[in-house]
Amino acid sequence: MSRIAPRIHTDAAQIARLEALLPQLHGETQVQLTLHDGRRLLGTVAVQPTLQQYRNDAGDEGSNGQLRLDDLDTPVQQHHVWLDEIASIRELPPTAP
């Protein structure tokens, strides 16, 4: 994984917002994500993400995290979403085997 992020965060309130997302993104949980740009993604959280330290293109350091979401309809398709792109998370009911 690259140590460069498109956006980094150093503000305590923004970092707290990102940290508040983590408990909703347990591994193997099926979720619907709504992103700030209006897109919606349905999928299964592959592994619970964590906040990490990244640098931006200018070399500044800050926090962000990346989520790998396996597409609900096509599990071989993966979505890699930066945590700061997530506007809301809705847990989906489990599907029958």
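From a predicted model like this one, the values you see are computed outputs, not experimental measurements. (Residues numbered from 1 in each chain as written. Predicted model: local features only at pLDDT ≥ 70, side-chain atom pairs only at ≥ 80, totals over all residues. Heavy atoms only, no water.)

**Q** Any details on the overall build of the protein chain? Residues and values, ideally.
**A** The helix and strand tally for the protein chain stands at 1 helix and 7 strands. Listing each helix as α and each strand as β along the protein chain from the N terminus yields α-β-β-β-β-β-β-β. A total of 97 residues make up the protein chain; the buried ones form 40% of that total. Sequence-distant contacts in the protein chain: of pairs separated by 6 or more residues, those separated by 24 or more amount to 59%. As presented, the protein chain carries roughly 5,800 Å² of accessible surface, and 51% of it is formed by carbon and sulfur atoms. Between the mean site of the 8 positive side-chain charges and the mean site of the 13 negative ones, the protein chain shows a separation of 2 Å. (Helix = DSSP H or I, 4+ residues; strand = E, 2+ residues; numbered from the N terminus. Buried < 20%, exposed > 50% of the residue type's maximum accessible area, 1.4 Å probe, protein only. Contact = heavy atoms within 4.5 Å. Areas by Shrake-Rupley, 256 points an atom, 1.4 Å probe, with all protein chains shown as cover. Lys, Arg positive; Asp, Glu negative; His and termini not counted. Charge placed at Lys NZ, Arg CZ, Asp CG, Glu CD.)

**Q** Could you give an account of the sheet that holds strand E2 (residues 40-45), with specific residues and numbers?
**A** The strand order across the open sheet built from 5 strands is E6-E5-E2-E1-E7, with neighbouring strands paired in antiparallel fashion. Each end of this open sheet is capped by a strand with a single partner; those strands are strand E6 (78-82) and strand E7 (86-91). The mean inter-strand angle of the sheet, taken between neighbouring strand axes irrespective of direction, is 45°. In the sheet, E2 pairs with strand E5 (residues 66-71) via 3 bridges, with the strands oriented antiparallel. Within the sheet, the bridge partner assigned to Gly43 lies in E5 and is Asp71. (Pairing = 2+ DSSP bridges. Axes fitted to C-alpha atoms, helices over the stretch in contact; angles between N-to-C directions.)

**Q** Account for helix H1 (residues 12-21), naming residues and giving values.
**A** Here H1 has its buried residues at Ile15, Leu18 and Leu21. Taken down its axis, H1 places every buried residue within 110° of arc, on the same side. Exposed side of H1, more than 90 degrees from the buried face: Ala12 and Ala13 are the residues found there. Of the surrounding secondary structure, the elements contacted by the buried residues of H1 are strand E4 (61-64) and E7. The backbone nitrogen of Ala13 has a side-chain oxygen 3.2 Å away, supplied by the residue at the start of H1, namely Asp11. (Arc of directions from axis to C-beta. Polar contact = N/O pair within 3.5 Å; in protein donor to acceptor, adjacent residues only side chain to side chain.)

**Q** Run through the nonpolar core, naming residues and quoting values.
**A** In terms of nonpolar packing, the biggest core is built from 15 residues, with Leu21, Leu25, Leu33, Leu67, Leu83, Ile86 and Ile89 touching the most fellow members. The set of elements that each furnish at least two residues to this core consists of H1, strand E1 (30-35), E2, E5 and E7. It is E1 that contributes the most residues to this core, 3 residues altogether. Those residues in contact with Leu21 that lie beyond four places of it in its chain are Leu83, Ile86 and Ile89. (Core = buried A, V, L, I, M, F, W, Y, C linked by side-chain atoms within 4.5 Å.)

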